[in-house]
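Chains, contacts and geometry: an overview
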Amino acid sequence: MTVGSLSGGLVLTMDRTRPAYREATLVIEDGCISGIVDGYIRHNESIDCRGSIVIPGFVNTHAHMAEVLWRGCGGEQNTVDWIANRKHPLMAQLDGDSIRVGVRLACVEMLRSGTTAVLDPEVPAHLATRVASATGDIGIRAGLAVAVASGAGYGASDHSHGNHHHSHAGSDSLDVAGPGFPGFVERWRRDKHERAALWLGLRVLSAADRHLGKVISAALERNRLRLTFHCAEQEADVEAVRASSGVGTLEYAEAIGLLGPATVISHGVHLDEPDIEVLQRTGTRVSHCPSSNSRTGAGVAPVPAMTSRGINVGLGTDGGMVNDRYDMLSEMRYAALLHKAVSGDPKAVTPERALRMATRDGARALGLESGILRPGAPADVCVVDLEALGSWPAYNPVDALVFSAGSRNVRHVLVGGEPRLLGGDLVGVNIPELLAEAAEVSRYTIRAAGLEEEVKPSWLRREGRSSHGYRRSHPHG
Ligand SMILES: [Zn+2]
């Protein structure tokens with residue numbers, strides 16, 4: 001199905017030259033916006049948007065999609081512990097069919113809450129084509145950062161590295177220096193994965209020594225790829241970089257050639273002034289994940305200090321075990337609240353800034369033409385109805401959008417002009433079936449990883465079972 005126009009809504013373009021239209025019609029042709037015209041104009045195949053806000057679709061700049069399968073299974077642990085004890089043992093259980101279920105579920109949740117593009121920072125290499133086919137089926141735009149084989153680095157567990165010398169089809173990480181890499185890139189391009197772009201994903205900066213940094217940098221340039229890596233999420237990561245290199249986090253990243261406009265660093269919690277100067281100088285993009293950083297106790301990223309220097313900061317939800325939502329509306333709300341609270345400045349992150357981070361700046365981080373509603377841009381659009389209980393009256397629409405709205409207010413979502421959500425219903429997805437599949441995969445992967453007892457809430461754990469082969473004993477409260 002195609003849509004000819006979105007008619008009569010309040011259009012927030014995120015475009016500096018014309019930020020808003022009180023009532024306008026967005027005309028769509030060949031998947032792109034061909035014009036924005038004042039007033040309500042009815043076309044064939046038009047969607048009536050009167051009374052709603054029309055905005056660019058949200059761009060989620062950091063989302064581990066498969067982790068939706070283990071929502072709520074992270075435990076109240078710091079990043080190093082939950083990655084070692086939960087994430088890696090669980091991820092190791094996934095095959096092509098099961099990761100597909102998780103990715104589909106995460107994509108559907110994102111579409112339901114208005115997201116039209118996502119960057120997954122850590123896609124297992126041997127499952128990457130299955131992930132790309134899942135995002136393509138659901139019809140979301142995706143950057144898929146295939147995990148690069150690296151050293152241990154900070155926070156590594158047995159599962160997170162050790163594939164350094166393998167580039168065969170079964171390996172979960174990609175040896176960018178190996179003979180198999182050019183073929184991998186070539187196959188990806190030949191397969192023409194719909195709306196899915198190949199990225200490289202480095203687990204953490206401290207996992208790349210100078211040699212690997214140079215190799216990655218050369219691979220990026222040669223193949224015109226983008227890079228994302230976890231950066232300064234925890235103080236320990238910053239210390240690991242300093243201990244091995246003798247310099248600050250981003251000074252090191254720049255020295256080994258990993259920064260620039262084609263790089264998204266995620267988290268950036270423990271950045272200091274010199275780091276921020278490097279980001280500004282190199283035009284590197286940042287993914288801010290406030291819910292995840294709060295959930296794991298990582299801290300609060302210096303977002304106002306970055307945005308005031310013109311650094312491009314997008315928003316990310318991170319994964320199911322550390323958020324536990326893939327909902328950019330709630331991420332915007334939290335970003336806007338959090339920085340006011342910690343700085344004492346109610347203007348620290350305004351609702352307008354939060355909306356910009358979630359749309360325009362996120363799209364820019366991913367190198368997409370979407371994120372701004374203007375002629376020529378892809379029609380990646382979200383229509384939000386604020387005339388509902390909980391968000392009405394909406395005297396200031398941007399405030400209402402950021403502070404009051406939830407996914408329940410999202411009415412229509414278009415990706416490349418195609419409706420993926422129509423009147424609040426997902427197009428072409430059987431939700432009960434998908435939820436049942438997800439429950440099944442969740443159950444068997446948790447069982448296969450030997451985590452059945454560990455992930456149980458403490459009030460369900462049985463006394464005296466810790467001696468029967470469980471990995472650790474648990475305090476019973
Ligand atoms: Zn992450």
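Glancing now at the nonpolar core. Of all hydrophobic cores here, the largest spans 142 residues; its most connected members are Leu26, Val54, Leu144, Leu200, Ile216 and Met332. Among the elements that make up this core, the one with the highest residue count is helix 2 (residues 96-112) (nine residues). If you count residues domain by domain, this core takes at least three from each of domain 1 (5-57 + 372-426) and domain 2 (58-365). Discounting chain neighbours no more than four positions away, the residues touching Leu144 are Asp120, Val123, Ala128, Val131, Ala132, Ala196, Leu198 and Trp199.

Chain-level statistics for the chain give a pLDDT mean of 92 and a share of 92% at 70 or above. Of the regions scoring below 50 in pLDDT, residues 158-169 engages in 24 contacts with residues more than four places distant in sequence or in other chains. Segment residues 466-477: pLDDT under 50, and 11 contacts once partners within four positions in sequence are set aside and those in other chains are kept.

Relative orientation of the contacting elements helix 2 and helix 14 (residues 431-448) amounts to 130°, with a least axis distance of 9 Å. The angle between helix 2 and helix 14 falls in the class oblique. In the packing of helix 2 onto helix 14, the handedness of the crossing is left-handed. Contacts from Ser98, Val101, Gly102, Arg104, Leu105 and Val108 of helix 2 reach helix 14 at Leu434, Glu437, Ala438, Val441 and Thr445. Among the residues forming the contact of helix 2 with helix 14, the class breakdown is six nonpolar, three polar and two charged.

Turning our attention to the pairing of strand 9 (residues 196-204). With seven of nine residues buried, strand 9 lies mostly within the body of the structure. In the sheet, strand 8 (residues 141-147) pairs with strand 9 via six bridges, with the strands oriented parallel. Bridge pairing in strand 9 places Ala142 opposite Ala196. Summarising the sheet, strand 9 and strand 10 (residues 226-231) pair through five bridges and their orientation is parallel. Bridge pairing links Leu202 to Phe229 in strand 10.

For residues other than glycine, phi is negative in most cases, and the peptide bonds are mostly trans. Across the junction of Asn323 and Asp324, the peptide omega takes the value 5°, indicating a cis bond. For Asp324, the location among the structural elements is in the loop between strand 13 (313-315) and helix 11 (328-343). Pro393 follows Trp392 through a cis peptide bond whose omega is 0°. Secondary-structure assignment places Pro393 in the loop between strand 14 (381-385) and helix 13 (397-404).

One can read the domain layout of the chain as domain 1 (5-57 + 372-426) and domain 2 (58-365). Between domain 1 and domain 2, the C-alpha centre-to-centre distance is 28 Å. Looking at the side of domain 1 that touches domain 2, the elements that each hand over two or more residues are strand 5 (52-56), strand 14, helix 13, strand 15 (410-415) and strand 16 (418-422). Counting residues per element, the side of domain 1 that touches domain 2 draws most heavily on helix 13, which supplies five residues.

Turning our eyes to something else, we now look at the pairing of strand 15. Burial analysis of strand 15 places six of its six residues in the buried class, the great majority of the element. Summarising the sheet, strand 14 and strand 15 pair through four bridges and their orientation is antiparallel. For Val383, the partnering residue across the bridge sits in strand 15 and is His412. Pairing of strand 15 with strand 16 involves three bridges; the strand directions are antiparallel. Looking at strand 16, one finds that Val413 is bridged to Leu421. Counted between consecutive antiparallel strands, the loop separating strand 15 from strand 16 contains two residues, among which Gly416 sits at a positive phi close to 55°.

Cut-offs and rules
Residues numbered from 1 in each chain as written. Predicted model: local features only at pLDDT ≥ 70, side-chain atom pairs only at ≥ 80, totals over all residues. Core = buried A, V, L, I, M, F, W, Y, C linked by C-beta atoms within 7 Å. Buried ≥ 20, exposed ≤ 12 C-beta atoms within 10 Å, placed from the backbone. Helix = DSSP H or I, 4+ residues; strand = E, 2+ residues; numbered from the N terminus. Domains from an automatic or database assignment. Contact = placed C-beta atoms within 7 Å. pLDDT = per-residue confidence, 0-100. Axes fitted to C-alpha atoms, helices over the stretch in contact; angles between N-to-C directions. Parallel < 35°, antiparallel > 145°, perpendicular 65-115°, else oblique. Left-handed = near helix turned anticlockwise from the far one by under 90°. Nonpolar A, V, L, I, M, F, W, Y, C, P; charged D, E, K, R; others polar. Pairing = 2+ DSSP bridges.

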